[in-house]
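# Structural characterization, general
So you can see what is in the structure, the chains are spelled out below.
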Amino acid sequence: MDRLRIDKWLWSARFYKTRTLAAEEIGKGRVDVNGQQAKAAREVKVGDTVAVRRDSVTRTVVVKGLSAMRGPAPVAQQLYEETADSLRAREAAAQQRRFAREPALSIEHGRPTKRGRRDLDEAQRGWGDRWSASVDDDA
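### Quick look at helix α2 (residues 19–27)
- Of the positions making up α2, those classed as buried are Ala22, Glu25 and Ile26. With its buried residues spanning 100 degrees around the axis, α2 presents them on a single face. Set apart from the buried face of α2 by more than 90 degrees, the exposed residues are Thr20 and Gly27.
- Elements that come into contact with the buried residues of α2 comprise α1 (6–12) and β2 (31–33).
- Of the residues flanking the end of α2, it is glycine 29, one or two places downstream, whose phi is positive at about 85 degrees.

### Quick word on unusual backbone geometry
- Residues other than glycine seldom take positive phi values, yet arginine 14 does so here, at roughly 65 degrees.
- You can see arginine 14 is positioned in the loop between α1 and α2.
- Residue classification places arginine 14 among the partly exposed positions, given a relative accessible area of 39%.

What counts and what doesn't
- Residues numbered from 1 in each chain as written.
- Predicted model: local features only at pLDDT ≥ 70, side-chain atom pairs only at ≥ 80, totals over all residues.
- Heavy atoms only, no water.
- Buried < 20%, exposed > 50% of the residue type's maximum accessible area, 1.4 Å probe, protein only.
- Helix = DSSP H or I, 4+ residues; strand = E, 2+ residues; numbered from the N terminus.
- Arc of directions from axis to C-beta.
- Contact = heavy atoms within 4.5 Å.

Written out as structure tokens, the structure reads:
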């Protein structure tokens, strides 16, 4: 075997859990082969460069072997070799995530506290019977 469908190769190399997931990600344009956007039926051969985008990280690998069967992880890792640039980019992204702020700290709005609720009620009480907060035409 000298060529294999990209969706089958991604599945056998354990990038995706099922071939269906691999085909969906390819359809969304998240997989490139030799710098061109791939389709599920695109065939790869040894020496091709495959770029897979997952989350915010792009993994670029060189195809080292082909297998139509999904095997254990150590065998699957022998099917490809990740490029040095890709390894550096993944390390940098991991460092950035490690030192990033806690996402919950950026939430400013949400359910008000008891004090906040009282402040809102007090502010609304001064509006009287008006249906809007705009200035009355009577004044």
